[in-house]
Amino acid sequence: MAEKKEHLYKVLVIGDLGTGKTSIIKRYVHQFFSVHYRATIGVDFALKVINWDADTLIRLQLWDIAGQERFGNMTRVYYKEAVGAFIVFDVTRTSTFEAVQKWKNDLDTKVTLPNGKPVPCVLLANKCDQAKEGLVNSSAQMDDYCKERGFAGWFETSAKENINIDEAAKFLVSSILENDRANDWEGSGTNEGMHLKDEPQPEPKSGCCS
Ligand code: GTP
Ligand code: MG
């Protein structure tokens with residue numbers, strides 16, 4: 001039997017303070033949720049190992065980045081070599097949705113794929129177990145919003161009730177894999193040294209929305 005292919009992907013989780021980034025990661029990686037809020041200081045890490053299919057193993061290195069403004073100047077360092085991102089907002093606080101554009105700009109100006117394209121980014125409308133405020137009440141408008149701003153897609157999630165978190169991760173990983181294949185990366189072993197061939201690169205596919 002052929003050996004399993006392994007991929008190591010660095011994925012960022014960004015968005016305003018208290019939107020649920022840490023909670024989403026804890027739910028996804030440790031099947032755990034707590035109502036107690038402890039602000040992330042700087043950055044935390046988590047690793048999720050995914051048996052993607054019979055011959056693909058994926059190690060998802062999740063970078064849980066503090067939403068607090070005072071850590072904002074560190075993002076360039078944190079974003080380095082990321083191949084995908086989640087931007088999280090809180091459906092109960094419109095100010096966190098207004099900040100989404102700021103986070104997306106920050107992301108797109110500070111990191112790109114080796115071929116110069118923006119990294120695939122999925123928008124998470126978190127705390128959907130609670131009453132929603134604003135644009136997120138219209139999924140058609142959210143679809144347009146995502147299309148206009150270059151999000152690969154969006155999902156309503158709840159870390160509390162475990163809604164759509166696996167689905168959103170699966171969707172982002174699919175986009176990452178698609179880019180990876182389209183760009184014909186040369187990955188081997190642990191994939192720690194990935195190189196891009198000097199061939200003309202096809203346009204990556206993009207899809208919107210969930
Ligand atoms: P920073 O680290 O400061 O950037 O915040 P964060 O985005 O990591 O937020 P965190 O995950 O710490 O969650 C903030 C608060 O929201 C906590 O009290 C969580 O319990 C709560 N919370 C997170 N996700 C959900 C959710 O899906 N539903 C509900 N009802 N509460 C949630
Ligand atoms: Mg946090």
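Treat the numbers as computed from the prediction; the structure is a model and nothing was measured.

Reading the values: rules and limits
- Residues numbered from 1 in each chain as written.
- Chains lettered and ligands numbered in written order.
- Predicted model: local features only at pLDDT ≥ 70, side-chain atom pairs only at ≥ 80, totals over all residues.
- Heavy atoms only, no water.
- Buried < 20%, exposed > 50% of the residue type's maximum accessible area, 1.4 Å probe, protein only.
- Helix = DSSP H or I, 4+ residues; strand = E, 2+ residues; numbered from the N terminus.
- Arc of directions from axis to C-beta.
- Contact = heavy atoms within 4.5 Å.
- Donors = N, O, S within 2.8 Å, 3.2 Å for Na, K, Ca; no water.
- 1 Å grid on protein atoms, 1.4 Å probe; cavity = no way out; pocket = protein on both sides within 12 Å on 5 of 7 lines; lining within 4 Å.
- Points joined across faces, edges and corners; volume = space filled by probe spheres on them.
- Nonpolar A, V, L, I, M, F, W, Y, C, P; charged D, E, K, R; others polar.

Asks: Explanation requested: helix H4 (residues 100-110) in the structure shown.
Replies: Count 3.6 residues to each turn of an α-helix, and residues three or four apart come out pointing the same way. Inspection of H4 places Val100, Trp103, Lys104, Asp106 and Leu107 among the buried residues, and these make up the whole buried set. The buried residues of H4 occupy an angular sector of 160° when the element is viewed end-on, so they sit on one face. Along its buried surface, H4 packs onto strand E1 (5-15), helix H2 (75-79), strand E4 (84-90), helix H3 (94-98), strand E5 (121-126) and helix H5 (139-149).

Asks: Where do I start with the coordination of the magnesium ion (ligand 2) in this structure?
Replies: Around a metal, the perfect tetrahedron of four donors has angles of 109.5 degrees, and the perfect octahedron of six donors has angles of 90 or 180 degrees. Taken together, Thr22 (OG1) and Thr40 (OG1) make up the protein donors of the magnesium ion (ligand 2), found 2.0 Å from the metal. One end of the pair, Thr22, is in helix H1 (residues 21-30); the other, Thr40, is in the loop between H1 and strand E2 (43-53), and 18 residues separate them in sequence. Residue classification places Thr22 among the partly exposed positions, given a relative accessible area of 22%.

Asks: Would you explain the layout of surface pockets in this entry?
Replies: Unfilled space is identified by rolling a water-sized probe across the atoms. In this structure, the largest pocket encloses a volume near 720 Å³. Around the largest pocket sit 29 residues that line it, and Ser23, Ser34, His36, Tyr37 and Arg38 are the ones nearest its centre. When residues of the lining of the largest pocket are assigned to their parent elements, the largest contribution, four residues, is made by H1. Of the residues assigned to the lining of the largest pocket, the class counts are nine nonpolar, 13 polar and seven charged.

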